[in-house]
Structures are given as C-alpha cells and as structure tokens.
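# Structural overview for review
The chain contents come next:
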Amino acid sequence: MRIAVIGTGYVGLVTGACFAEMGNHVVCVDKDAAKIARLQAGEIPIWEPGLKPLVEQTVQGGLLSFTVDAAAAIAAAEFIFIAVGTPPGEDGAADLSHVLAVAHEIGRHLQQYAVVIDKSTVPVGTADRVEAAIHEELAGRGASVPFDVVSNPEFLKEGAAINDFRRPDRIVIGTASDKARRMMAQLYEPFVRNHDRLLFMGVRDAEMTKYAANAMLATRISFINEIANLCDRMGADVENVRKGIGSDERIGYSFLYAGCGYGGSCFPKDISALIRMGGDSGFDPALLRAVDERNQRQKEVLLHKIRGHFGPDLHGRRFGLWGLAFKPNTNDVREATSLMMIRRLVEAGATVAAYDPVAIEEAAAQLDPDWLASGRVTLSRYQYDVLKDADAMILVTEWKRFRQPDFTAMRDLLRQPVIFDGRNQYDPQLMTDLGFRYYGIGRTNVGPGASQ
C-alpha cells in the first residue's frame, strides 16, 4: 500500500517505519528540510530502542523514504497519516494549527480517494475540522475528490514504541465509512494475525478514547503519589501498600509506583487539554484538575525533603543528580521533573552535576546557558563523576543502570552519604546498613540519626 506520513517526530517516524517493515511503501514528509536531510543521511533525531536499525532496514529495502515534497506524497497516497505536534497553548488547549495546516495541504494536493488519518492526539471534534479544511481547499480548486477522515490515535510508550506498534493491545479506529473501515482493517491486518485487536467506533469516540486512556494512567500515578504523601506522614511504607492493593485483580500493579511526578509529551499536555475541553463544554472536570494539581505538587516533594535535611539556604551545597529524561529509555526531557529540580536548586544557591545515559544534549538545550558556562550546572557522560564531593545524590529517572550501583564507590565519592530517591529504587533498610541517610517517596525514611 502507498502511505504518506506527514510529520517525522516520535509518532510519525515510528508509524512510518513499522508500516514499511510490513512491505508497504511509505513516504515520511516534513517541512523541516534540515531534519529531512539528517534522516536521508541515516541520522535519527530521537532516541528510541530499535528505531534506528528498523529505519535503516526499510530505507535500504526501498520501502521507506523521506521528503519535503508534500504535494507528491499526498497525490500518490492511499493513506495519509497526520502525525504533527499538538503542543499546549497558554490556556492549556491543544494547538491545532499544525494539524489544520496539514489538512489544508492535503486539500490542495489530493488527486484520488484516500483515507486521511488523524494519528496526532487531538481534541474531540478535530476530525470535523480536518474534513472541513480539506473540503475548503478542494472547493477552491474546483475539484471533487472523495476522501474519508479517520481517527486512529496512537498508544505508544516512549522506550517501547516499536514493540507497542508491532504487538498492540488494541487498535482504535473511529470512522463511519464502510470503505475506510475495510481499508484500515486491511492496512493493520499484519498486526492482528494472532487475534483481532481492532476496535471500530465513532470518530469522536476514538478521539476521546486517547485522552481518557492517558487521563486514567495519570490518575493512577497521582493517586499513588497522594497515598505516598500520607504514608510519609503516618509512618507507613507505600511500597507495601502498593503491593497490598495491587494484588487485588480489580486494581493491578501497573502505574502504581510512587515517585517525584510524571512528565513527558503526553500526560501533562493531554490532562490540560481535557480540562480545557471540559471547561469549553460547560463541565468542571474536578477530578482531572486534582490529578494535575497533585502532579505539580509532587514535583516539589524531593525539594522539600532536601530543604528539610539541609535547611532552606543551599548556598555552597553541591548535588549529584542521576537521570534527566522524563522516563527511562528515551531522550525526551519535556516536562521532566529533573529540569524543574535543577532550576530550583540553582536558584536556591546550589550547584548541580547531572548525568543521563542519553538525554545530555536535550537537557542542555533547555537549561540556562549561563549556568552551564559558569559551572553552576554541569552535565557529565560518566555516572559516578557527578557524585564527587556532592552533598547528596538525587535519583530522578529510574534507568536500569541505577538499580544496583556501586554503593561503596558512591559513599566514598559523596561528601555526605545522603540519597534522595525520587523513584523508590532502593531498599531503605539496606541503605541504612550501608551507612546512608536515605529519603524515598512515602517510604520508611531511615539512616544514621534518623527518627523512626
């Protein structure tokens, strides 16, 4: 099949490469000529396990290509995926300017029947606006070309996107067109051979499903973080509580890990957009507002613990920070707790040395250049270097390489044996036995001199 994917970001690149792997002819389009040149040269702009070899394989096989020529790609395609960004505006609403710009582009160049697919996360009702924009351009051309607009939201986890696309839990397709339904079923047939995972529904149902899924996951995270804060105050251990409630099959264990807040390109943006949609429709989404508020406060929890240990004045203090990406197995630092924490520590007078396996460049682009030039913030490619003469280690991202570090080397490098564990990676009693003062999230915080 002939597929055009408009947008070569995280979703577009993964979508294009995975469809090409199944033998389809895929053209990925982007208006950023420099980005296309990098892709054509074999350079992948995002870090995602398995993506680079998959792109190389499909490009070499003549199945995947990259271009800035949207007109040619649209004219030849049977399927046109819209996979551009929908960043939040100042009011929290999703910015649809890129999506609608692509819709107008499609209308200007559509030559034959095609299924136009909203792959981007878009508010309920966006498909209607995309359809209207295409019709507007066709009318301006005096052309009558049939097409259908379908909602097919992505459910890809950063760090596991290739596997998620190849082995999806479900494939949600919103359409009222029998023809589009048959074509989408044929397109996804290689991904559902084991058993049918296609869920057909109305367009608005599909658009809402994406937001509802992310809102549910964010709610679980904020819930367990709320419980963790209660545990901190009542002397309970949230890890035991998590196991106790997760063993109930009605609840389960997924997304019930207390920590220092969620980030990334999806949950914060989608919660804000859903809150805005509620307000626009005359409904107060009180639960969603509470989920967002808890997450904002949760990003401050480690800072409160740091000030509780060292006092409010952090001048002269140095902190070694492990983890810059918002989660493991990605270089995405959007809405990452690490960046907020670095800013707040520096503003309080401290210096910070930080390490991440893959997100150094991305973090550097988001930090104050003066801080980097003056040494108030240093970014290292060596995990243990950031601990040298630090007053404490702060763990923010739960990379696997942080799970069983060399605690003896850590204790020797640190000026003070203090650990602030933002992801509850370590056992409090083990940390005490090794001579550390340990602070987790909702854990029994123990260590030399600690009050029980």
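Being a predicted model, the structure only gives us computed values, none of them experimental.

### Section: the pairing of strand β12 (residues 392-395)
- Alternating positions in β12 separate into two faces, A392 and I394 on one and M393 and L395 on the other, with burial throughout.
- Pairing analysis gives four bridges linking strand β9 (residues 318-322) to β12, with the strands arranged parallel. Looking at β12, one finds that W322 is bridged to L395.
- Taken together, the three bridges between β12 and strand β13 (residues 418-421) define a ladder with parallel strand orientation. Paired with L395 across the bridge in β13 is D421.
- Between the parallel elements β12 and β13, the chain passes through helix α17 (residues 407-413) in a crossover that is right-handed.

### Structural notes on helix α12 (residues 286-298)
- The end-to-end C-alpha distance of α12 is 18 Å, a good match for the 18 Å that 13 residues give at a rise of 1.5 Å each.
- When α12 is considered as a whole, its buried residues turn out to be L288, V291, D292, R294, N295 and Q298. An end-on view of α12 places all buried positions within 160° of arc, on one side of the element.

### Overview of unusual backbone geometry
- Located in the positive-phi region is F255, a residue other than glycine, with phi close to 60°.
- If you trace the backbone, F255 turns up in the loop between α10 (238-246) and α11 (267-280).
- With a relative accessible area of 29%, F255 lands in the partly exposed category.
- Here the phi dihedral of D389 falls at roughly 60°; this positive angle occurs in a residue that is not glycine.
- Following the sequence through the fold, D389 ends up in the loop between β11 (377-380) and β12.

### As for the confidence of the model for the protein
- Per-residue confidence for the protein averages 95 on the pLDDT scale, and 98% of its residues sit at or above 70.
- Taken together, the stretch residues 446-452 has pLDDT below 50 and engages in 17 contacts with residues farther than four places along the chain or on a different chain.

### Here's the deal with the nonpolar core
- Counting 62 residues, the largest nonpolar core has L345 and Y426 as its most contacted members.
- Ranked by residue count, the leading element in this core is helix α14 (residues 337-347), at six residues.
- Ignoring any residue separated from it by four or fewer positions in sequence, one finds Y426 in contact with W322, M393, L395, F402, R403, P405, F407, I419, D421, M431, Y438 and R443.
- In terms of nonpolar packing, the next biggest core, distinct from the first, is built from 41 residues, C28, F66, F79 and V115 among them.

### Quick notes on the sheet that holds β9
- Strands sit in the order β11-β10-β9-β12-β13-β14 across an open sheet of six strands; the sheet is parallel. Sheet topology places β11 and β14 (437-439) at the edges, where each strand pairs with a single neighbour. Strand-to-strand, the axes of this sheet are offset by a mean angle of 20°, without reference to chain direction.
- Across three bridges, the pairing between β13 and β14 is parallel. Bridge pairing links I419 to Y438 in β14.

### Here's the deal with the packing of aromatic side chains
- In the structure shown here, the tally under the stated rule is 18 aromatic pairs.
- Note on F19 and F81: the rings are 5.4 Å apart at their centroids and 35° apart in plane angle, and the pair reads as tilted. Within this pair, whereas F19 is found in helix α1 (residues 10-21), its partner F81 is found in strand β4 (residues 79-82), the two being separated by 62 residues in sequence. Across this residue pair, the class does not change: F19 and F81 are buried.
- Relative to F191, the ring of F165 has its centre 5.3 Å away and its plane inclined at 80°; by these criteria the two rings are edge-to-face. Note that F165 is positioned in helix α7 (residues 161-166) and F191 in the loop between α8 (178-188) and β8 (198-201), a separation of 26 residues in sequence.
- For F191, a relative accessible area of 2% corresponds to the buried category.
- Taken together through their ring pairs, the aromatic side chains of F19, F81, F165, Y188 and F191 make up a single cluster.

Analysis parameters
- Residues numbered from 1 in each chain as written.
- Predicted model: local features only at pLDDT ≥ 70, side-chain atom pairs only at ≥ 80, totals over all residues.
- Heavy atoms only, no water.
- Buried < 20%, exposed > 50% of the residue type's maximum accessible area, 1.4 Å probe, protein only.
- Helix = DSSP H or I, 4+ residues; strand = E, 2+ residues; numbered from the N terminus.
- Pairing = 2+ DSSP bridges.
- Right-handed = clockwise from strand over helix to strand, strands pointing away.
- Expected span 1.5 Å × (residues − 1).
- Arc of directions from axis to C-beta.
- pLDDT = per-residue confidence, 0-100.
- Contact = heavy atoms within 4.5 Å.
- Core = buried A, V, L, I, M, F, W, Y, C linked by side-chain atoms within 4.5 Å.
- Axes fitted to C-alpha atoms, helices over the stretch in contact; angles between N-to-C directions.
- Phe/Tyr/Trp six-rings, centres within 6.5 Å; stacked < 30°, edge-to-face > 60°.

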